[in-house]
Amino acid sequence: MADGYGSAITQPVQLLVVEDDDDIADPLIEGLVLEGFAPTRARTGAEAIESVGRAGFVLLDLGLPDLDGGEVCRRIRMSTDVPIIVVTARDDELDRVRLLEIGADDYVIKPFGFRELVARIRAVLRRLDRCEASVELIQDIGGIRIDRRSRRVTSDAGQVELTPKEFDLLAFLTEEPGTVRTREEIISKVWDEHWWGPTNTLDVHIASLRRKLGDPGAITTLRGVGYRYDAQ
Ligand code: CA
C-alpha cells in the first residue's frame, strides 16, 4: 500500500477528521492531504455520525462540544466497521480499555506527533488489509458459521452478537484451528503491536467469547502460553 491509498481500490482513503478545534484540525488536514489522504472534517459528534457513511477512516477527538466522544464511537460502530482511531487527552488505563471495547481500532494521546499518527493510521489499514486477504471468507467450524466479509457469526440459534474485538479474536483463532496462538501473537494481531494495556484484557475477551459461543470447550487455554481453537 502506498501512502494514503488503500490497496483494494485506487482511490485515496476518505478520512473523516472529527475535531472541534481549528488550531488542531487545520494543520492536521493539510498534513493528511500531503500524505495522500482525502480528509473531510466534522466539528461535532452529531455531524460525525451524520457524515460517517462516506468515510473510509475516522479520526475521532473525544473532547467534542455536543456529545461524549466515546458515545460517538459507539454509535458509529453500530452502523459501520469503518476503522476508527480515537484521539484522547485522557491518559488513564480504564478509559483506553473502554475505547478499545466500544470498537476503536487504536488511539493516540494528545499531544501527539503527526508522524506517529500517520504511522498508526497506516498500521490499522495494513492490519485490515491482512484480515481481508486471509483464509476462508465463510468458514463453518465448531457448529458456527464465521462470515469474514459481513463480520457475522451465526449458530443454529441465530446470530451471535460479538463486539468488533471479539470477532477479530475469533476470526484469528479459527484461521488455523488446532494451532496454538501465543498471547503475544494474539495481542499484536488483534489489538496492536504497541498495545500495552492491562494483561487480562485478552482473558476477559476469551471468557466473553466462550460464553457467547455457548461452547466453553471450543477454545483451550494453555496456561502462561496462549490459546488454541479446538472445535471441529
Ligand atoms: Ca476537542
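Reference entry: report on the structure contained in this document. Chains are numbered independently. Their residues run from 1 in the order of the written sequence. Given that the model is predicted, a residue must reach a pLDDT of at least 70 before its local features are reported, and side-chain atom pairs must reach 80 or more before they are shown or counted; all residues, however, enter totals for whole chains, interfaces and linings. Computation of side-chain values covers all heavy atoms of the structure but excludes hydrogens and water.

## Describing the pairing of strand β4 (residues 84–88)
The buried fraction of β4 amounts to five of the five residues, a majority that puts the element mostly inside the structure. To sort residues, take the accessible area from a 1.4 Å probe on protein chains only and compare it with the maximum for the residue type: under 20% means buried, over 50% means exposed, and anything in between is partly exposed. Strands are runs of DSSP state E lasting at least 2 residues, helices are runs of H or I lasting at least 4, and numbering of each runs from the N terminus. Residues I84, V86 and T88 of β4 are buried on one face, and the alternating residues I85 and V87, pointing to the opposite face, are buried as well. Alignment of strand β3 (residues 57–61) against β4, held across four bridges, turns out to be parallel. Of the residues in β4, the one forming a bridge with D61 is V87. Every crossover in which the path from the first strand over the helix to the second runs clockwise, viewed with the strands pointing away from the viewer, is termed right-handed. This β-α-β element, β3 to helix α3 (residues 69–79) to β4, shows right-handed connectivity. Taken together, the four bridges between β4 and strand β5 (residues 106–109) define a ladder with parallel strand orientation. Counterpart to T88 in the pairing with β5 is I109. One requirement defines pairing of two strands: DSSP has to find at least two bridges between them.

## A closer look at the packing of helix α7 (residues 183–191) against helix α8 (residues 201–213)
Here an axis means a line fitted to C-alpha atoms, over the contact stretch when the element is a helix, while the angle between two N-to-C directions is reported on a 0 to 180 degree scale. Viewed as axis vectors pointing N to C, α7 and α8 meet at an angle of 80°, and their least axial separation amounts to 11 Å. The angle between α7 and α8 falls in the class roughly perpendicular. Residues R183, I186, I187 and W191 of α7 touch α8, and the partners they reach there are T201, L202, D203 and H205. Only Asp, Glu, Lys and Arg are considered charged, only Ala, Val, Leu, Ile, Met, Phe, Trp, Tyr, Cys and Pro nonpolar, and every remaining residue, Gly among them, polar. Within the contact of α7 with α8, the residues separate by chemical class into four nonpolar, two polar and two charged. Here is the rule for angles: anything less than 35 degrees is roughly parallel, anything more than 145 is roughly antiparallel, 65 through 115 is roughly perpendicular, and the remaining ranges are oblique. Only heavy atoms matter for contacts: two residues are in contact if any of them lie within 4.5 Å across the pair.

The values reported here are purely geometric and, on their own, carry no functional implication.
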